[in-house]
Amino acid sequence: MPKKPSKEKPESYGAKQITVLEGLDPVRKRPGMYIGSTGPTGLHHLIWEVMDNAFDEAMAGHGNEITLRLLPNNQISVQDRGRGIPVDLHPQFKVSALELVMTKLHAGGKFGGGGYKVSGGLHGVGVSVVNALSTYVRAEVIREGKLWVQEYTRGKPKAKVKAIGKAVGTGTTIIFEPDPEVFETTEFSVQTIVDHLRQQAYLTKGVKLVITDERQADTKSVYAFYFEGGVASYVKHINRGKEPKHENVFYVSKHDEETDMDVEVAMQYSGEYHESVYCFANNITNPEGGTHLVGFRSALTRELNNYARAKGLLKEKDQNLSGEDVREGLTSVISVKIKEPQFEGQTKAKLGNPEARTAVEAIFGEALKIYLEEHPRDAEAIIGKCLLAAQARRAARAARDTVLRKGALEGLTLPGKLADCSNKDPALCELFLVEGDSAGGCFSLDTRVALTDGRDLTFGELIQEEQAGKQNSCYSIQKDGHIGVAPIVHVRKTKTSNEMVNVTLKDGSEILCTPDHQFMHRDGTYGEAQTLVEGASLMSLKRKRKNCLLGRMHTICKRLFHKDTQTLEQSVANDPHHVVRVTRIQQSMDVYDLEVPDTHNFALSCGVFVHNSAKMGRDRVHQAILPLRGKILNVERARLDKMLSNNEIKSLVIALGTNIGEGFDLAELRYNKLVIMTDADVDGAHIRTLLLTLFYRYFPELVHQGHVYIAQPPLYRVNVGKNFRYVFTEEEKQKAVEELVGEKVGSRVPSAQEKEEVESETEEMEVKGIKVNIQRYKGLGEMNADQLWETTMDPKTRTIKQVTIEDAERADEVFDVLMGADVAPRKRFIQTHAKAVKNLDV
């Protein structure tokens, strides 16, 4: 029977459903809107908000010392010697101005009325947001000869503002404890705090900044910063360890009457090939620059060209220096203090005030003209650096045009290197940059492969037939463990002049291959040639019938074995082969490999199965693979023209499709994700660093826009019976052993003594009679293609880390130390961090 209509009224939407969040409730409801996130970045943002107020007082000329203390229980104390927050009653709200500032959004002295001439905070939400997101806040104000105090719990005042005693001077102290219900962690990083506030101290010259870490009762760390030189000191700090091209750092600090703006600029050239520019407006960093950067660059190019022409360093027939020429090797800091800053976007990444360009261009241009005349030796060194950069630019343009013409003629494909994906939508495509062929090793040219048509062809003969259009097939162990037929594709040379080993089998067969090529054991697992021991049993193929027809498995069954699969299985019976010895040979040689779709293994003519290229361990529709053979050029020490003569970098530029240098166009990027996938050893880490240096220096937009990732292959595979797990750390390995053994014996976990045994072994052990096998992966080539797909490439199960740049200055410094030409800073870095090294690969 049909149901009777319900008499209940449907949900209505009227005035009663409109909710008004008052006071600080919106902050607790949506904290991300005010501090960006509830992770470590948002946690530290609380400090920046309170410190901004202290710096605003200093910029207004009130107080020259700020103290930040890290206290026990994750409390932070910020003390300034400014005027102190007013404590008298507000005429409109009839409460103390201190309580108003601490408990109301958009309440403060930054909206006019003469409170501040310039300030970093625009919205007046800073300290009130900190109050809302803290379990406890105490505000102490020294004014009018008294110490005024008010305390709060999650933004609610516990009592009225009151004076608790006499005090000398003026100032404000804010003590707060972040709310663990809001933040993922409430643990502050002293290094993050020091790095950020050091930068602020440079930008507010003449202000003493003291940071003390008092979280441990028995130890106390103190950091103090004081810079009279302002941003000139900042440039010296950035350029430490670099080779300066001129001794005197250019510096100008001046107030522009017309725009009522303070302009402070410092710069110095070094022997580097890249530009390091840092822009600030009211001490707020602007990573995307803005109008002040445009004014700086315009004046720089104009004045250097004028000087070079006037002194005859540029002849009449010579072209003017370009903006790119005058920026090579330049380190500069541009800071403006502006009354009404206008930023593009909520993140304040780009300054939009048009008057900032006018002020910076006029003040900096005039000061630079005077500097060049007063320091002729410095001027000559700067112009010389720019002229050399111009020559290199012209050479680089010719090299880049050659690369692009070659890429266009080849249709942006790289035969023998790039295994492209079939999907043409960049948003759905990924490019994996892999070390070598990321596949283990390869074979000598005369190594023979067993074909299903009865022939045994060498790699050289297979290449000739593939080029002639002939499709060959081989024998392969299928996923179900049975022998099947699979097509052979992409036979090619993979490496040149490689060291080799000779694997000798019991029947007298000899196989020349690279030490890392993988052979299939009788149990279906793989092992590198160099790890094979005498008596090792290998998966093998013994053909009893010649002249089989080329074709798929069902075709061979139908035509030669009357649809009897079992008879076919017997005709290619897999009796085990045994290893006699593995010896290294003195001669190095070129090596070759091929691909087998889906199954990733094939049989040699001697009857053993070996692993093939891991290029097939991927989603061919959406995932492309570009093998980079060897280590790419260190671009930290090379100009663009030299870079483009490097085959690996040239291949990468063409594969990306974005062009490079002045022709870079992010819209042409062919892959949404660029995944660096290298081995978990020292060489793999070096290659990863070289690639990151390349992206950071010449493709910075790819990093800033979040296109660059690092693959995280597992470190171990833990096997207990038929169950296994891939783990990424030593801690996860121990946990996996405990859980798998516990499952095997009925939730029993190993004892402390057994755990010690597990940690001391790396291959095979017993825990209470349970056999545990642990395989450590040092390279991607130690995995078969299925394992590589499952652990590192499958979007559903893989772990990849996105590369971000939270602190561009710190990133620039690290790349310069690790990859620069100067050995001394790198030596100091190694000595400093040597004791912290784990899992040293030697």
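Everything numeric here is computed off the predicted structure, so don't read it as measured data. (Residues numbered from 1 in each chain as written. Predicted model: local features only at pLDDT ≥ 70, side-chain atom pairs only at ≥ 80, totals over all residues. Heavy atoms only, no water.)

Undergrad: Just to check I follow, could you spell out the side chain of Q199 for this structure?
TA: By the element assignment, Q199 lies in helix 6 (residues 190-203). Among the polar contacts listed, one links the side chain of Q199 to the side chain of Y234, at a separation of 3.0 Å. (Helix = DSSP H or I, 4+ residues; strand = E, 2+ residues; numbered from the N terminus. Polar contact = N/O pair within 3.5 Å; in protein donor to acceptor, adjacent residues only side chain to side chain.)

Undergrad: Just to check I follow, could you spell out the packing of helix 16 (residues 647-656) against helix 17 (residues 682-698) for this structure?
TA: For any two helices packed against each other, one specifies the crossing angle of their axes together with the interaxial distance. Following both chains from N to C, one finds helix 16 and helix 17 inclined at 55°, their axes separated by 13 Å at the closest point. Classed by the angle they form, the pair helix 16 and helix 17 counts as oblique. Two packed elements cross with a definite hand, and for helix 16 against helix 17 that hand is right-handed. Only L691, L694 and F695 of helix 17 make contact with helix 16, whose side of the interface consists of I649, L652 and L656. (Axes fitted to C-alpha atoms, helices over the stretch in contact; angles between N-to-C directions. Parallel < 35°, antiparallel > 145°, perpendicular 65-115°, else oblique. Left-handed = near helix turned anticlockwise from the far one by under 90°. Contact = heavy atoms within 4.5 Å.)

Undergrad: When you look at helix 8 (residues 291-310) in this model, what are you seeing that I'm missing?
TA: Along an α-helix, residues three or four apart share an orientation, since each turn contains 3.6 residues. Compared with an ideal rise of 1.5 Å per residue, which puts 20 residues at 28 Å, helix 8 spans 29 Å between its outermost C-alpha atoms and is within 8% of the ideal. Count one or two residues on from helix 8 and you reach G312, which has phi positive near 75°. (Expected span 1.5 Å × (residues − 1).)

Undergrad: Would you explain the confidence of the model for the protein in this entry?
TA: Low pLDDT means the predicted coordinates in that region are not meant to be read closely. Per-chain confidence: the protein averages 80 in pLDDT, with 78% of residues scoring 70 or above. Considering only residues more than four positions removed or in separate chains, one finds that residues 407-416, a stretch of pLDDT under 50, has 11 contacts. Predicted confidence for residues 570-574 stays below pLDDT 50, and this span has 18 contacts to residues more than four positions away or in other chains. (pLDDT = per-residue confidence, 0-100.)

Undergrad: Is there a simple way to think about helix 12 (residues 459-467) in this case?
TA: Within the sequence span of helix 12, burial applies to F459, G460, L462, I463 and E465. Looking at the buried residues of helix 12, the elements they touch are strand 16 (448-450), strand 17 (456-458), strand 20 (489-505), strand 27 (577-595) and strand 28 (601-603). One or two positions beyond helix 12, positive phi appears at G469, with a value near 95°. (Buried < 20%, exposed > 50% of the residue type's maximum accessible area, 1.4 Å probe, protein only.)

Undergrad: Even after reading the chapter, I still don't get the sheet that holds strand 11 (residues 261-269), so can you show me in this structure?
TA: The strands making up a sheet associate through hydrogen bonds between their backbones, and the pairing can be parallel or antiparallel. As summarised here, the arrangement of the 5 strands in space is 10-11-14-12-13, forming an open sheet in which the pairing is mixed. The strands lining the two open edges of the sheet, one partner per strand, are strand 10 (250-256) and strand 13 (284-285). Of the strand pairs in this sheet, strand 12 (residues 276-281) and strand 13 are connected by 2 bridges, and their pairing is antiparallel. The partner of F280 across the bridge, within strand 13, is T285. Across the sheet, helix 6 lies against strand 11, strand 12 and strand 14 (330-337), angled at about 70° from strand 14, the strand it touches most. (Pairing = 2+ DSSP bridges.)

Undergrad: Hey, could you run me through the sheet that holds strand 32 (residues 708-711) in this one?
TA: Taken in spatial order, the 5 strands line up as 30-15-31-32-37 in an open sheet, and their pairing is mixed. Edge positions in the sheet fall to strand 30 (623-628) and strand 37 (800-802), since each has one partner strand and no second. Adjacent strand axes in the sheet meet at a mean angle of 25°, parallel and antiparallel pairs treated alike. Where strand 15 (residues 430-435) lies against strand 30, 6 bridges are found, and the strand directions are parallel. Pairing of E430 across the sheet is with Q623, part of strand 30. The strands touched by helix 16 are strand 15, strand 30 and strand 31 (673-677); relative to strand 30, the strand with the most contacts, the crossing angle is about 165°.

Undergrad: Is there a simple way to explain the nonpolar core in this structure?
TA: One recurring pattern in soluble globular proteins: nonpolar side chains tend to sit buried together. Within the largest apolar cluster, 61 residues are counted, with the highest numbers of intra-cluster contacts made by L68 and F176. Grouped together as the second largest cluster of nonpolar side chains are 40 residues, F250, Y269, C279 and Y307 included. (Core = buried A, V, L, I, M, F, W, Y, C linked by side-chain atoms within 4.5 Å.)

Undergrad: Got a minute to help me understand the pattern of salt bridges in this structure?
TA: Between side chains of opposite charge, pairing is possible as soon as their charged atoms come close. Tallied over the entire structure, the rule returns 26 salt bridges. In this structure, the salt-bridge partner of R83 is E57, at a minimum N-O distance of 2.8 Å. Linking R83 in the loop between strand 2 (75-80) and helix 4 (97-103) with E57 in helix 3 (residues 40-59), this pair joins segments that are 26 residues apart in sequence. Of the residues examined, R83 reaches a relative accessible area of 29% and is grouped as partly exposed. (Salt bridge = Lys/Arg side-chain N within 4 Å of Asp/Glu carboxyl O.)

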